[in-house]
Amino acid sequence: MSSPPGRPRFIKITALPAGSTREKISTVEFMLQANSRTALGGFPCSTVSWQGPRTGRRICHVTAAGDGCGKIALWRAVGAGFVRPAGAMGRRQRNRQRQQQRRERGGGGDGQGREQAGWEGGYPEIVKENALFERYYRELRIVPEGEWEPFMAALREPLPATLRITGYKSHAKEILHCLKNKYFKELQDLVVDGQKIEVPQTLKWYPEELAWHTNLSRKILRKSPQLEKFHQFLVSETECGNISRQEAVSMIPPLLLNVNPHHKILDMCAAPGSKTAQLIEMLHADMNVPFPEGFVIANDVDNKRCYLLVHQAKRLKSPCIMVVNHDASSIPTLQIDNNGRKEVLFYDRILCDVPCSGDGTMRKNIDVWKKWTTQNSLQLHGLQLRIATRGVEQLAEGGRMVYSTCSLNPVENEAVIASLLEKSEGALELADVSSELPGLKWMPGITQWKVMLKDGQWFEAWKDVPSNRQTQIRPTMFPIKDEEKLKVMNLERCIRILPHHQNTGGFFVAVLIKKSPMPWNKRQSKFQRKLSQRTGEISVSAAAAEDGSVEIIKEPPDAEDEETKETQHLLNAESEQSKKDGVCGPPPCKKMKLFGFKEDPFVFLSEDDPLFPPIQKFYALDPSFPKMNLLTRTQEGKKRQLYMVSKELRNVLLNNSERMKVINTGIKVWSRNSDGEQFGCAFRLAQEGIYTLYPFINARIINVCIEDVKVLLTQENPFLSKFSSETHKRVKDLAMGSIVLKYEPDPSKPDTLQCPIVLCGWHGKTSLRAFVPKNERLHYLRMMGVEVFKAKRKEENFGSKTEEGDQDSTKHMEEEMDMEHNELAAKMEAEVDEEPIHEFMESSVIEPENKMENVQPSSENTENRDIADLSSVKA
């Protein structure tokens, strides 16, 4: 019932936060008064007053002349976004109300109330049940008869932890020896939280015992004091790139690609990068070859995830990896230069690990239990098919593409493969890989399935789908009905991994081999014809490029091309000049819309660049050194970092800067030392690229014994007196500056470290030091049998536990140090972090090195930040 006119009506409104400007407050007052007058035919509000702030908000009291006035005023103000009714509670107010209600019910204080409400364990546990999931897969019969219960029981169990030792590094055998004979033995008969820890077991199907699994969950690894040493080992070695913690089934696709060092590889959906890392390892199977002929182009559509991908790839320190940012379903066709002739780049191997619904990951992603529905698969099917189609288009004839998902749904698996095989018209075939991974338990692909909507409605064929559902369900989602076609496809050659067979996640893999060009690629594209006419060159069809033959097609000039020829010439003039200068910048806006961070260009050193001769002379680089593969990330100003890529990636970069967005490529091999010119060279060696550079360096190499290596890795700036007499003699006559420290194993002493070590160092006037990241130091020390676990405990005691026996000699040496040397070090420290902003992302994924001895830690010198940890390490 409305109040009579003239009788005040009190309305309370929660307005903007307390920080609101007076202008906004006045606007609210005016709106309330104006709308009130409008509502009552010009009768004004008697009062609009502000009282507050209260708990971060102002309270507006409106005294109106009637009920209608207040309601209209409130409605208009809320609709304009200026105020919120008092009845619309915020989160804090709702929480206070709930607490008050619990107290009234006798729930006691907050802590007691939470306990009674079942909050003592944090978030409520997700119930691992989904009736639709069980109904769907029972009907499809993807699980053998009598194995449904073990299948569901396995899905409800946590996924075991798995790790993989990187196989291409020469240290792999040493790490494996360390794991088996030290850390795994310490886990025997260990009980944590009432659970007996099983000793890790090797994955029987992974080559050379380089992959292991254990029942340890991540939570136990992180929280248990008994496993702290093992956890530190895993974290440190993972950061170094010597170990990857990766799900077991995720290791299968790269193995089935059968990669050789000369292969050109495309990873279409690469992030977060564990499979990409495997591909890089396979390229570097022979560590004596610093530049394999092959390369990996790793792509992802998500700009932010590309930087995660860069982080993973940078751990392996390869010059043969490039990270790009594109939609995989429309990833551009690249060109390469072959003896002055442009050719389309076709890949020998393609990994197509497409986005999927992920119901095979239920053991680690328990949210899937409550979110799973068939709608996810129906929505992804089209994208998966487009990505796979784009992949086979770019596959070389005779090449191999692996299609994989972490889903069990045939709509995402066999349906995509069947559709791809059907429209290939015999250009593709499924490879039989049943014998390539002995020891792996798998199920063959299925040939018959049905499609179900999220409401439980089934369809067996496309003709059964009503018209109003044909946007959700497409013909390619159904199995092939023609028995002859189905038999030729050999869908049973697909590999299905079920969780209960080998205690893994669910997975699907299919290996496709391209026997001939795709039907729609046999015809030369309009773009290629126009390109040929503009450049005056002969046309080479995609089919001819694939089989190595050249088809000469002379076509009459197009009138449209004649009109646009001059415009095209002007548009391409700048890019052509950039290529001549060795500059590969981001694509222009007219060609491609860019997202995410804007990347700086990749500028290759010119043949006559004055920067290189001093470097070549100082390090006595071999004449075979590929100096044309050196690049920087700045086109103007002083070059501070030098990176290196392989010859093949240089070719790709120079010929495709307008077609692709490159996030990162190359490894850092030299860093500018602003005062290093007085030592003969302005650039010092970088540890990241030392294994690539070492075969070409013929000077400034010092061979050290294993005791010297321990000194270098456990002390920040050791004096020459602490090294062996042989090392002292070698260093004595060497000019100050950047050096290479090399350890060669002694075969006559099998108990010592049996893998070579190459370190970057700096020779000062009275000292010798190594520029090595912290985790890499820990890695080398572990391989030498040095206990490094206690380093963390002794950090605070470092100052009081220095080598007391050497105090007198240290004092004597400090007095002898030249003042000029100290001033130089201080100047170096001040200039350490002069890096452009664009390298922020890069600096987060590339382990930096210190500039010089006596330089204190800074933001770029993180690897020496914890060297104090190692000073008290004991063998």
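To start, this report covers the structure provided alongside it.

What counts and how
- Residues numbered from 1 in each chain as written.
- Predicted model: local features only at pLDDT ≥ 70, side-chain atom pairs only at ≥ 80, totals over all residues.
- Heavy atoms only, no water.
- Salt bridge = Lys/Arg side-chain N within 4 Å of Asp/Glu carboxyl O.
- Helix = DSSP H or I, 4+ residues; strand = E, 2+ residues; numbered from the N terminus.
- Buried < 20%, exposed > 50% of the residue type's maximum accessible area, 1.4 Å probe, protein only.
- Phe/Tyr/Trp six-rings, centres within 6.5 Å; stacked < 30°, edge-to-face > 60°.
- Lys NZ or Arg CZ within 6 Å of the ring centre and 35° of its normal.
- Contact = heavy atoms within 4.5 Å.
- Pairing = 2+ DSSP bridges.
- Axes fitted to C-alpha atoms, helices over the stretch in contact; angles between N-to-C directions.

## Things to note about the pattern of salt bridges
- If you walk through the whole model with that rule in mind, you get 23 salt bridges.
- Note that Arg 782 is salt-bridged to Glu 237, the shortest N-O span being 3.0 Å. Taken as a pair, Arg 782 in helix H26 (residues 774–783) and Glu 237 in helix H9 (residues 228–240) lie far apart in primary sequence, 545 residues in all. Each member of the pair Arg 782 and Glu 237 is classed as buried.
- In this structure, Lys 371 engages Asp 367 in a salt bridge whose closest nitrogen and oxygen atoms are separated by 4.0 Å. One end of the pair, Lys 371, and the other, Asp 367, are both in helix H13 (residues 367–371), four residues apart, so they sit about a helical turn from each other.
- Owing to a relative accessible area of 35%, Asp 367 belongs among the partly exposed residues under this scheme.
- Through salt bridges with shared partners, one network takes in Glu 129, Glu 134 and Arg 156.

## Brief notes about the packing of aromatic side chains
- Under the definition given, this model contains 20 aromatic pairs.
- Aromatic pair Tyr 183 and Phe 233: ring centres 4.3 Å apart, planes at 25°, arrangement stacked. One end of the pair, Tyr 183, is in helix H7 (residues 172–186); the other, Phe 233, is in helix H9, with 50 residues separating them in the sequence.
- Judged by centre distance (5.8 Å) and plane angle (10°), the ring pair of Phe 612 and Phe 625 falls under stacked. Here Phe 625 lies in the loop between helix H21 (612–619) and strand E26 (630–632) and Phe 612 lies in helix H21, a separation of 13 residues in the sequence.
- Three or more aromatic residues joined by ring pairs form one cluster here, namely Phe 291, Phe 612, Phe 618, Tyr 619, Phe 625, Trp 670 and Phe 696.
- In this structure, Lys 450 packs its charged tip against the face of Trp 458, placed 4.8 Å from the ring centre.

## Things to note about the side chain of Thr 692
- Within the secondary structure layout, Thr 692 lies in helix H23 (residues 690–693).
- With near-sequence residues (within four places) excluded, Thr 692 lies in contact with Pro 290, Phe 291, Lys 317, Pro 319, Met 644 and Ile 667.

## Section: the sheet that holds strand E9 (residues 211–214)
- Read across the open sheet, the four strands follow the order E8-E9-E5-E10; overall the sheet is antiparallel. The open sheet terminates on both sides in strands that have one partner only, identified here as strand E8 (201–202) and strand E10 (243–244).

## A closer look at the sheet that holds strand E32 (residues 737–743)
- As summarised here, the arrangement of the four strands in space is E31-E32-E33-E34, forming an open sheet in which the pairing is mixed. With one partner strand each, in any of the chains shown, strand E31 (701–703) and strand E34 (768–770) form the two edges of the open sheet. Neighbouring strand axes in the sheet, compared pairwise and without regard to direction, differ in orientation by 35° on average.
- Two elements, E31 and E32, share three bridges in a ladder whose sense is parallel.

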